[in-house]
Amino acid sequence: MTSLRTRSARRLRQALTPSLRNLLGHGLAAALKALALLLALASGPGLAQDRSPPAATAADGKPALPTVDELRKQLDAIPQKLGEDDDGRKLLAAIADIGTAADQVAARRATDLADIDSRLAGLGPAPEKGAPADAPDVAEQRASLARQRSAVDADLKLARLVSVDADQRGNELIRQRREQFQAELTARTDSPLGSAFWRNLRTAVPQDLARLQALGRELRQATTATLASERRGGFLASLAAALLVALLGPWLVERLLVRMAPARLPSGRLRRSLRAAATVLANTLLVGLAAQLAWSVLRAGDDLSPALESLAKASVQISLFAAFVVSLGQTLLSRRRSSWRLPGVSDDMARRLSPYPWWIAAIASLGALLTEVNSIVGASLAAEVTVHALSALLTSATVMLGLRHLRAPGPACDADGSAQTEASRPLWVGLLVACAGLACVATIVLAASGFVALAGTMARQMVWTGVVFATTYLLFQLSDDLCEALLSSKGGFGGRLNQGLGIDARLLDQAAVLFSGLLRVALFFYMIIALLAPLGTGPDEVFRRGSTVNHSLKIGEFTIAPQALFTALAVVCTGLLMIRVVKRWLTDSYFPNTALEPGMRSSITTLLGYVGGIFVVAVALAGLGISVERIAWVASALSVGIGFGLQAIVQNFISGLILLAERPVKVGDWVVLGDTEGDVRRVNVRATEIQLGDRSTVIVPNSEFITKTVRNMTLAGAPGRVLLRLPAPLDTDAERMRSLILEAFRAHEGILDSPEPVVQLEGIANGTLTFLAIGYVGNPRNAGSVKSDVLFGILASLKDAGLYLSPPATTSVTAPVATGMPAGTDPADRLA
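Residues numbered from 1 in each chain as written. Predicted model: local features only at pLDDT ≥ 70, side-chain atom pairs only at ≥ 80, totals over all residues. Heavy atoms only, no water.

Engineer: Would you explain the pairing of strand S5 (residues 670-673) in this entry?
Structural biologist: The side chains of a regular strand alternate, residue by residue, between the two faces of the sheet. Burial along S5 is two-sided: Trp 670 and Val 672 facing one way and Val 671 and Leu 673 facing the other are all buried. In this structure, S5 lies alongside strand S6 (residues 676-683), joined through 4 bridges in antiparallel fashion. From the neighbouring strand, Val 671 faces S6, where its bridge partner is Gly 678. The turn joining S5 and S6, which pair antiparallel and follow one another in sequence, is formed by 2 residues; a positive phi near 65° is taken by Gly 674. One ladder, built from 2 bridges, connects S5 with strand S9 (residues 711-712); its direction is antiparallel. Bridging across to S9, Val 671 finds its partner in Asn 712. (Buried < 20%, exposed > 50% of the residue type's maximum accessible area, 1.4 Å probe, protein only. Helix = DSSP H or I, 4+ residues; strand = E, 2+ residues; numbered from the N terminus. Pairing = 2+ DSSP bridges.)

Engineer: Honestly, the packing of aromatic side chains in this entry has me stumped. Any pointers?
Structural biologist: Summed over the entire model, instances satisfying the criterion amount to 5 aromatic pairs. Here the aromatic rings of Tyr 356 and Trp 359 are separated by 5.0 Å at their centres, their planes lie at 70°, and the arrangement is edge-to-face. Of the two residues, Tyr 356 and Trp 359 are both situated in helix H10 (residues 355-377); the distance of 3 residues between them amounts to about one turn of the helix. A relative accessible area of 9% places Tyr 356 in the buried class. One aromatic cluster is present, built from ring pairs that chain together Trp 585, Tyr 590 and Phe 591. Here the guanidinium or amino end of Arg 520 rests over the ring plane of Phe 476, the centre of that ring lying 4.6 Å away. (Phe/Tyr/Trp six-rings, centres within 6.5 Å; stacked < 30°, edge-to-face > 60°. Lys NZ or Arg CZ within 6 Å of the ring centre and 35° of its normal.)

Engineer: What's the story with the environment of Pro 192 in this structure? I'm lost.
Structural biologist: Mapping Pro 192 onto the fold places it in the loop between helix H4 (136-185) and helix H5 (195-228). Here the alpha-carbon distance between Pro 192 and Val 452, two residues 260 residues apart in the chain, equals 9.3 Å. Setting aside residues no more than four positions away along its own chain, Pro 192 makes contact with Phe 197, Trp 198, Ala 389, Ala 447 and Ala 448. (Contact = heavy atoms within 4.5 Å.)

Engineer: Looking at this model, I keep getting lost on the sheet that holds S6. Mind explaining?
Structural biologist: Within the open sheet, the 5 strands sit side by side as S8-S7-S6-S5-S9. Their pairing is antiparallel. Here the strands that pair on one side only, and so sit at the sheet edges, are strand S8 (697-701) and S9.

Engineer: Is there a simple way to think about the nonpolar core in this case?
Structural biologist: A general trend in soluble globular proteins is that nonpolar side chains are found buried together. Leu 71, Ile 78, Ile 98, Val 162 and Leu 173 are the most contacted members of the largest nonpolar core, which has 24 residues in total. At 11 residues, helix H3 (residues 88-123) tops the list of elements feeding residues into this core. Not counting chain neighbours up to four residues away, the residues in contact with Leu 71 comprise Pro 66, Ile 98, Ala 101, Ala 102, Val 105 and Val 162. In this structure, Leu 724, Leu 726, Leu 742 and Val 786 belong to the second largest nonpolar core, which totals 23 residues. (Core = buried A, V, L, I, M, F, W, Y, C linked by side-chain atoms within 4.5 Å.)

Engineer: Teacher, can you tell me more about the pairing of strand S11 (residues 758-765) here?
Structural biologist: When S11 meets strand S12 (residues 768-777), the two strands line up antiparallel, connected through 7 bridges. If you follow Val 758 over to S12, its bridge partner there is Ile 774. Counted between consecutive antiparallel strands, the loop separating S11 from S12 contains 2 residues, among which Asn 766 sits at a positive phi close to 55°.

Engineer: Looking at this model, I keep getting lost on the pattern of salt bridges. Mind explaining?
Structural biologist: Opposite charge on two side chains allows them to pair when their charged atoms are near. Scanning the model with the defined rule gives 13 salt bridges in all. Between Asp 155 and Arg 109 there is a salt bridge, with its nearest N and O atoms 2.8 Å apart. Of this pair, Asp 155 sits in helix H4 while Arg 109 sits in helix H3; the two residues are 46 residues apart in sequence, bridging distant segments of the chain. Classification of Arg 109 by relative accessible area gives partly exposed; the value is 22%. Across the pair Arg 520 and Asp 480 runs a salt bridge, and its minimum N-O distance is 2.5 Å. Taken together, the positions of Arg 520 in helix H15 (residues 505-532) and Asp 480 in helix H13 (residues 452-487) put the pair 40 residues apart, joining distant regions of the chain. Counted as one network, the salt bridges with shared partners bring together Arg 109, Asp 112 and Asp 155. (Salt bridge = Lys/Arg side-chain N within 4 Å of Asp/Glu carboxyl O.)

Engineer: I'm lost on the packing of H13 against H15 in this one. Help?
Structural biologist: Between two packed helices, both the angle of their axes relative to each other and the distance between the axes serve to describe the pair. Look at H13 against H15: their axes get within 9 Å of each other, and the N-to-C directions meet at 165°. With respect to H15, the axis of H13 lies roughly antiparallel. When you trace H13 past H15, the crossing you get is right-handed. Of the residues that constitute the contact of H13 with H15, the class distribution is 17 nonpolar, 5 polar and 3 charged. (Axes fitted to C-alpha atoms, helices over the stretch in contact; angles between N-to-C directions. Parallel < 35°, antiparallel > 145°, perpendicular 65-115°, else oblique. Left-handed = near helix turned anticlockwise from the far one by under 90°. Nonpolar A, V, L, I, M, F, W, Y, C, P; charged D, E, K, R; others polar.)

Engineer: Sorry if this is basic, but what is going on with the sheet that holds S11 here?
Structural biologist: Think of a sheet as strands paired side by side through backbone hydrogen bonds, with each pair either parallel or antiparallel. Here we have 3 strands laid out as an open sheet, ordered S10-S12-S11, and antiparallel in their pairing. For this open sheet the edge positions go to strand S10 (720-729) and S11, each flanked by a neighbour on one side alone. Averaged over all pairs of adjacent strands, the angle between their axes in this sheet comes to 20°, without regard to strand direction. Sheet contacts for helix H21 (residues 734-747): S10, S11 and S12; angle to S12, the most-contacted strand, approximately 20°. Where helix H22 (residues 783-801) meets the sheet, it contacts S10 and S12, and its direction lies at approximately 30° from that of S10.

Engineer: Could you clarify how one ought to interpret the packing of helix H11 (residues 381-404) against H13 in this entry?
Structural biologist: The contact between H11 and H13 brings their axes to 9 Å, and the two run at 40°. What the angle tells us is that H11 and H13 run oblique. Classified by chirality, the crossing of H13 by H11 is left-handed. Between H11 and H13, the contacting residues are Val 385, His 388, Ala 389, Ala 392, Thr 395 and Ser 396 on the first element and Val 452, Ala 455, Gly 456, Ala 459, Arg 460, Met 462 and Val 463 on the second.

Engineer: What's the story with unusual backbone geometry in this structure? I'm lost.
Structural biologist: Negative phi is the rule for most residues except glycine; trans is the rule for most peptide bonds. With omega at 0°, the peptide bond leading from Ser 754 into Pro 755 counts as cis. Positive phi, normally seen in glycine, also occurs at Asn 766, with a value near 55°. Mapped onto the secondary structure, Asn 766 falls in the loop between S11 and S12. In this structure Asn 766 comes out as exposed when scored by relative accessible area, which is 78%.

Shown next, in the form of structure tokens:
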């Protein structure tokens, strides 16, 4: 029973403590490095240069590499079976280093082998039997090169073998780690709702208190020894400095940023994001510095035991994590200065959410500190379970209280802090809130059921996920604002590039959007890696995890595994979501900064959707184990059915691809197809939508545009034509009439100067002069309105000049002086 309990406690520590250390160490360090790097880029390129020391070099100037025998000994020293006390992450890192070194050795030996072969080729082929022998020096050189080649070739093969063995050993350790991790997480203890749980805790309390008192005595002895030595003044000074740095440091940073921001930081949105990033980074470093100062004098002597050294290291890391969480949350919410706030939340929402970063940081830090103390003193299993259960329950309760304020979105805020109308919540925020609520419920249920290790892992993963998302949001804003300030034509540096170097402003805006998108993609992948960091998974393991499960369905030679199905579903969902995000980014952000026509933009996004969809489906099928050859066989089997039953659909599909590629018609064109005349609104894969003049829409199959005659009024940007036939009496002054019509055409701003408008005398028939007037407009769509305006102008000019038009031949004409009309009436009025 005792051994079983000891093994269970060890499993709990292995399931929880390493993930916690990764959360406090690797993930937080990556976030701080990202913030520091972007701040360095904003401040100047010189701060971001790599100052790493030069690597050791061999006699030939190349970096020195270990021998194959050394690599083989290092690989053999790594255990083939992962023990309960082994650190799998360190072993995998060591194996990866061995494999990388073996690849480098193999690459160098391959280069050496190629050099020896070229030197042997320079000596020419070896003499055959009966042929004259080589000169003695040539024969000696050939024999020496042959021996060197044999040794280098053997070294090359052994190095490649070490690389293959290292890869296989790494895959095996990954499999063992996965099985061990699953076994540890699914370990079940007594439920906190049962009496056995509290009975075990009550039994273990005396021993745990004795262990804690022993640690406390060590700390008191170290403090007493320091105060009794000559380091007393330094110890008190370091404590006072730690308090001042921790309490007054953030306040001074905020005051300095308030005063320095208008003068030193660039104006615009970059000022807000830089100020937020600098605040988070400075506050975190100040608190970490305070924690280091508090332990510095004690560490300076020889009074610290290994237990106190571990406690000091853990307390510094926990202080950094707590300061980062609090500073990040308070900076993003910015309760007292709404103009500094990056998210679009109201002042009331920020006020209600402002306590939660403190609560979450306090609960997570206290749980982490108690876990580390239990690990240092070797506390009992009951103490371990109690700490993890309470931490998981308190974290879930706090997160649920915070989610209560996010049920309904409040009014958003402008950049200057003024309130807007109520803003709609983005879809990803709603999904994140829903997942957090489900995770809280699942954590409480698991903790109450006795699965404390899994509940604790889920609780810490919730906290870490929130921290990662908040950090990524801040980095997204900082990268966007940085690209806009440095590259966009609206920024100061981009404006100087535009004016000094003559770079097109639109090109600068495109470069800013592209670099911003690239930075977002890079930050997104680092976010995924950071989310996996608490689970002890590095970026090299993300795509190397196996897909074997104990239960699968085999149909012939095809095996369906549940994990493969979930993987394929995840690939499809993620791929389609990424395609939609990229298409939306192109449509909303990139294309508006280009000179592409709307039709070309629509064609590019549509083709991108088709190509991306085909690629996602192919990757998902590959995840299921369906190879390209099997897909080809299925397509061949379906070709007969497609040829008969789906011929029209396939014809329209191919026609749609031709339309998107050749673009005889594009979005926005004015086309005439038979009796259908209107504007092309959308070119889909099967049909094209045409909007008529009465705003109704006609769906036309794509094959109609390929097989029938189509009149495209706006294909090559041809101008529209305004044509008028104006009849006039035979005694009209033709030159005066022509001059007035030309003046009316030229006076309208819509008539083009080139080609010039012309007025011709088309003919004389039945006592009527027929004038033909032709003018051109830039867009055929404007021809109708321009024609109306020109007609109004011509009628007004003719009326002022005393000229009038002849009515049609079928219209009865009133005499010049009609009965009942006053004398002097204008003749043009008789046409009414």
